[in-house]
Amino acid sequence: MEYHILAVGDVVGEPGLKHLEKNLRPLKKLKNIAFTVVNGENASGVGLTEEQAWRIYDAGADAVTLGNHTFGKMQIRTMLEDTPWLLRPANYSGRAPGRGCGIFDLGGARVRVVNLIGRCDLDWKAADPFTTADRLLKEGDADFTLVDFHAEATSEKLALGYYLDGRVSALWGTHTHVPTADEGVYPKGTGYLTDLGMTGPIESVLGIEPRQSVESFLGGLPGRYRAAEGPCKLQGAVFTLDSATGLCTAVERVDIR
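Computed from a predicted model, the values in this text were never measured in an experiment.

Take the overall build of the chain next. The helix and strand tally for the chain stands at six helices and 14 strands. Taken against the 2.2 N^0.38 rule, which gives 18 Å for 257 residues, the C-alpha radius of gyration of the chain at 17 Å falls within 12% of a compact globule. Projected onto its principal axes, the C-alpha coordinates of the chain cover approximately 55 × 40 × 35 Å. Counting all 257 residues of the chain, 54% fall into the buried class. In the chain, the share of contacts with a sequence separation of at least 24, taken over all contacts with a separation of at least 6, comes to 63%. Charged side chains in the chain number 27 positive and 33 negative. The centres of these two groups are separated by 3 Å.

Rendered as structure tokens:
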């Protein structure tokens, strides 16, 4: 039996959140999606509030993943402890609240979702994502395993994809907000995409008002970053998984405007 899994790139600000609320359920219906993972760490620009987490969930996400801005809004700490579908990077210190891995029941199959953060040019304090993945794959039983690798370096993402090839169903990258064109199935059956892209304003610099970003690179004082205005996009990918093998047979990028 085939299962279609949707992964959605980082939701940026109120414009991105509204675009997600408008388009996620129609997209799921169009693509016959069985399970959806949305990265929500930029819903407030830096971090997300409890209210924003619930809005992402109510929009149609089955699991919400985070990244280096997990604790941008510190009030999320309690929700991380109490909410199984809200995941922060698993390779954060054990002192951090929350969990980085969850197993979800689809009725006919069980899906493990793993959230990891990269260390190369991003979070040197995090534990090794490679060995953290090894450990998590031994915990619990699941028919499919999905990995959101929130990382800066494409080399680190590609390396983890090959390291886990054949052991996870799909691995995708988040964080850079720019979609890559390397979607495909690795030799041993793992679906892969280096970066999903983002859900947010089209005319922007990673979701931010362009003039502010330009000013910062010119050495000025741009002030607190604001999400850009105007039409938005929802970017991500659909992974087709085979229940007989637990692996991937096809990957399709999506871009809803």
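Further notes follow.
Among the surface-exposed residues, Val178, Val205 and Leu206 lie close enough to one another that they form a single nonpolar patch of about 220 Å² accessible area. Structurally, the position occupied by valine 178 is in the loop between strand E9 (170-174) and strand E10 (184-185). By relative accessible area, valine 178 is classed as partly exposed at 45%.

Moving on, we come to the pairing of E9. Successive side chains on a regular strand alternate, one facing one side of the sheet and the next facing the other. Most of E9 sits inside the fold, with five of its five residues counted as buried. Side chains Ala170, Trp172 and Thr174 project from E9 onto one buried face, and the interleaved Leu171 and Gly173 project onto a second face that is buried too. Here strand E8 (residues 144-150) pairs with E9 via five bridges, running parallel. Bridge pairing in E9 links phenylalanine 149 to glycine 173. Once the chain exits E8 it traverses helix H5 (residues 154-163) before rejoining the sheet at E9, and the crossover so formed is right-handed. Direction of pairing for E9 relative to strand E11 (residues 191-193): parallel, over a ladder of three bridges. Across the sheet, tryptophan 172 pairs through a bridge with leucine 193, a residue of E11.

Now for the side chain of serine 204. With respect to the element layout, serine 204 can be found in the loop between strand E12 (198-201) and helix H6 (210-217). Reaching out from serine 204, the side chain makes a polar contact with the backbone oxygen of proline 201 at a distance of 2.8 Å. One polar contact links the side chain of serine 204 to the main-chain amide nitrogen of glycine 207, over a distance of 2.9 Å. If near-sequence neighbours (up to four positions away) are discounted, serine 204 is found in contact with Met198, Pro210 and Ala228.

We now examine the environment of threonine 245. One can find threonine 245 in the loop between strand E13 (232-242) and strand E14 (247-256). Here the alpha-carbon distance between threonine 245 and glycine 166, two residues 79 residues apart in the chain, equals 9.6 Å. Engagement of the side chain of threonine 245 in a polar contact is seen with the backbone nitrogen of leucine 247, the distance being 3.1 Å.

Two orientations exist for strands paired in a sheet by backbone hydrogen bonds: parallel and antiparallel. In spatial order, the strands read E6-E7-E8-E9-E11-E10; together these six strands make up an open sheet with mixed pairing. Every interior strand has two partners, whereas the edge strands, strand E6 (101-105) and E10, have only one. Looking at chain direction, E6 and strand E7 (residues 110-117) are connected through five bridges and run antiparallel. For phenylalanine 104, the partnering residue across the bridge sits in E7 and is valine 111. Sitting on the sheet, helix H4 (residues 129-136) is in contact with E6, E7 and E8, with an inclination near 160° to E7. Of the strands in this sheet, E7, E8, E9 and E11 are in contact with H5, which crosses E9 at around 170°.

How each quantity is defined
- Residues numbered from 1 in each chain as written.
- Predicted model: local features only at pLDDT ≥ 70, side-chain atom pairs only at ≥ 80, totals over all residues.
- Heavy atoms only, no water.
- Helix = DSSP H or I, 4+ residues; strand = E, 2+ residues; numbered from the N terminus.
- Rg over C-alpha atoms; globule rule 2.2 N^0.38 Å.
- Buried < 20%, exposed > 50% of the residue type's maximum accessible area, 1.4 Å probe, protein only.
- Contact = heavy atoms within 4.5 Å.
- Lys, Arg positive; Asp, Glu negative; His and termini not counted.
- Charge placed at Lys NZ, Arg CZ, Asp CG, Glu CD.
- Patch = residues over 30% accessible without salt bridge, like charges linked within 9 Å, V, L, I, M, F, W, Y side chains within 5 Å.
- Areas by Shrake-Rupley, 256 points an atom, 1.4 Å probe, with all protein chains shown as cover.
- Salt bridge = Lys/Arg side-chain N within 4 Å of Asp/Glu carboxyl O.
- Pairing = 2+ DSSP bridges.
- Right-handed = clockwise from strand over helix to strand, strands pointing away.
- Polar contact = N/O pair within 3.5 Å; in protein donor to acceptor, adjacent residues only side chain to side chain.
- Axes fitted to C-alpha atoms, helices over the stretch in contact; angles between N-to-C directions.

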